[in-house]
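# Structural characterization, general
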Amino acid sequence: MRIEHVALWTRDIERLRSFYETYFQASAGPRYVNERKRFTSYFLSFESGARLEIMSRPEVEAPAADAPPVGYAHLAVSLGSREAVDAMAERLRREGHPVVDGPRQTGDGYYECVVLDPEGNRIEVTV
């Protein structure tokens with residue numbers, strides 16, 4: 001058994017697709033549109049075989065409070081080395097994306113930084 005994919009809602013599907021393609025080498029499949037449901041999605045594939053579905057509908061809104069919601073907490077992406085984590089953190093910071101923690105060694109043994117995608121979803125960039 002394996003997890004087939006994880007899905008995220010977005011208000012700007014093209015911006016989110018571009019972010020994951022640019023920084024994490026995701027490859028987008030064809031854009032799916034269901035006019036009746038006013039639903040649009042892409043499946044993004046990663047070299048490891050993992051997939052991320054990004055989905056949009058006009059009524060999707062940002063959370064009202066700063067408190068984390070129950071459920072989804074973060075997506076973790078392994079880059080293979082501390083140097084790659086440091087370089088990605090610096091690149092994202094330089095290009096205006098929030099790096100909210102690290103890079104640092106965590107208490108549970110990870111070397112990581114935490115960044116936000118354009119919708120505010122947390123991504124752990126780790127070795």
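Refer to the structure presented above.
Figured I'd write up the structure that's included with this text. Please read these numbers as outputs of a predicted model, since none were measured by experiment.

Turning our eyes to something else, we now look at the pattern of salt bridges. Applying the stated criterion across every chain yields a total of nine salt bridges. We note a salt bridge from Glu-14 to Arg-17, for which the minimum N-O separation is 2.8 Å. Taken together, the residues Glu-14 and Arg-17, both in helix α1 (residues 13-24) and three residues apart, mark about one turn of the helix. Overall, Glu-14 belongs to the partly exposed group, its relative accessible area being 27%. Note that Arg-104 and Asp-101 form a salt bridge whose closest N and O atoms lie 2.9 Å from each other. Under the relative-accessibility criterion, Arg-104 is labelled partly exposed at 34%. Taking relative accessible area as the criterion, Asp-101 reaches 27% and is therefore assigned partly exposed.

Rules used throughout
- Residues numbered from 1 in each chain as written.
- Predicted model: local features only at pLDDT ≥ 70, side-chain atom pairs only at ≥ 80, totals over all residues.
- Heavy atoms only, no water.
- Salt bridge = Lys/Arg side-chain N within 4 Å of Asp/Glu carboxyl O.
- Helix = DSSP H or I, 4+ residues; strand = E, 2+ residues; numbered from the N terminus.
- Buried < 20%, exposed > 50% of the residue type's maximum accessible area, 1.4 Å probe, protein only.

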